[in-house]
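Listed here are the chains, written in short residue letters.
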Amino acid sequence: SSERTYTEAVVSTQSTGEEGPAHAALSPDGRVVAIATGCGMTLFNADTAEQLDSLTGIHSDAITTLEFSDTGRYLYTCGKDKTIRVWLNRAGMMRDIELWSESLRAATNASHKDRLKQQIAETTARLAELAAMT
């Protein structure tokens, strides 16, 4: 038969936990997947399917559109509540820290190591500030 099934190609299956349509967006760098269902969204590591962030009740009615900015720094949501919201991509910041940490372990140049340490420290501090606001 020429028909093929690709069940063996499924790497991960995630439940949206909600009924109704789900909207998905992949960050421009391909490292973060955002899934919006109902009035909230969840962000995942695109490589491992690990949940990185979850925002609930971010619209008063269902999210209808979900999109990353061209740089991946922001995420835009639009809802049936007739609002558009702009979100800082915290999950992307977490992925940046992961990649910089990997680069730091492999770095041999002292100034490169210092710059990576500075980026990690600044981004970690920014994430802590954001966490304190919620």
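Use the structure listed above.
Keep in mind the model is a prediction, meaning the values are calculated, not measured.

Okay, the sheet that holds strand 2 (residues 32-37) next. Strands sit in the order 1-2-3-4 across an open sheet of 4 strands; the sheet is antiparallel. In the strand order of this sheet, the two ends are held by strand 1 (22-26) and strand 4 (51-55), each with one partner. Each strand of the sheet is rotated relative to its neighbour by a mean of 15°, with strand direction disregarded. Summarising the sheet, strand 2 and strand 3 (residues 40-45) pair through 6 bridges and their orientation is antiparallel. Counted as the bridge partner of Thr37 is Gly40 from strand 3. Helix-sheet contacts for helix 1 (residues 90-106) involve strand 2, strand 3 and strand 4, and the interaxial angle to strand 4 is about 160°.

Relative to the elements of secondary structure, Lys117 occurs in helix 2 (residues 110-133). When the C-alpha positions of Lys117 and Trp100 are compared, they lie 8.1 Å apart, and in sequence the two are 17 residues distant.

For the rest of this paragraph, the subject is the pairing of strand 1. Summarising the sheet, strand 1 and strand 2 pair through 5 bridges and their orientation is antiparallel. The partner of His23 across the bridge, within strand 2, is Ala36. The loop that links strand 1 with its antiparallel partner strand 2 comprises 5 residues; one of these, Gly30, has a positive phi angle of about 75°.

Taking strand neighbours across the sheet as the criterion, the 3 strands line up as 5-6-7 in an open arrangement whose pairing is antiparallel. Every interior strand has two partners, whereas the edge strands, strand 5 (63-68) and strand 7 (84-88), have only one. For this sheet, the mean inter-axis angle between neighbouring strands, taken without regard to orientation, is 20°. Where strand 5 meets strand 6 (residues 74-79), 5 bridges bridge the pair, whose relative direction is antiparallel. Considered in strand 6, the bridge of Thr65 is made with Cys78.

Attention now moves to helix 1. Structurally, the α-helix is built with 3.6 residues per turn, so residues lying three or four positions apart point the same way. With 17 residues, helix 1 should reach 24 Å at 1.5 Å per residue; the first-to-last C-alpha distance of 25 Å fits that figure. Of all the residues in helix 1, the buried ones are Arg90, Ala91, Gly92, Met93, Arg95, Ile97, Trp100 and Ser101.

Quick notes on the rules
- Counting restarts for each chain: residues are numbered from 1 in the order of the written sequence.
- Given that the model is predicted, a residue must reach a pLDDT of at least 70 before its local features are reported, and side-chain atom pairs must reach 80 or more before they are shown or counted; all residues, however, enter totals for whole chains, interfaces and linings.
- Side-chain numbers here rest on the full set of heavy atoms in the structure, without hydrogens or water.
- Strand pairing is assigned whenever DSSP detects at least two bridges linking the two strands.
- Strands are runs of DSSP state E lasting at least 2 residues, helices are runs of H or I lasting at least 4, and numbering of each runs from the N terminus.
- To get an axis, fit a line to the C-alpha atoms, keeping to the stretch in contact for a helix; angles then go from 0 to 180 degrees between the N-to-C directions.
- Should any heavy atoms of two residues lie within 4.5 Å, those residues are counted as being in contact.
- To estimate the expected span of a helix, count its residues, drop one, and scale the result by 1.5 Å.
- The cut-offs for exposure are 20% and 50% of the maximum accessible area for each residue type, with area from a 1.4 Å probe on protein chains only; residues under the lower value are buried, those over the upper are exposed, and the others partly exposed.

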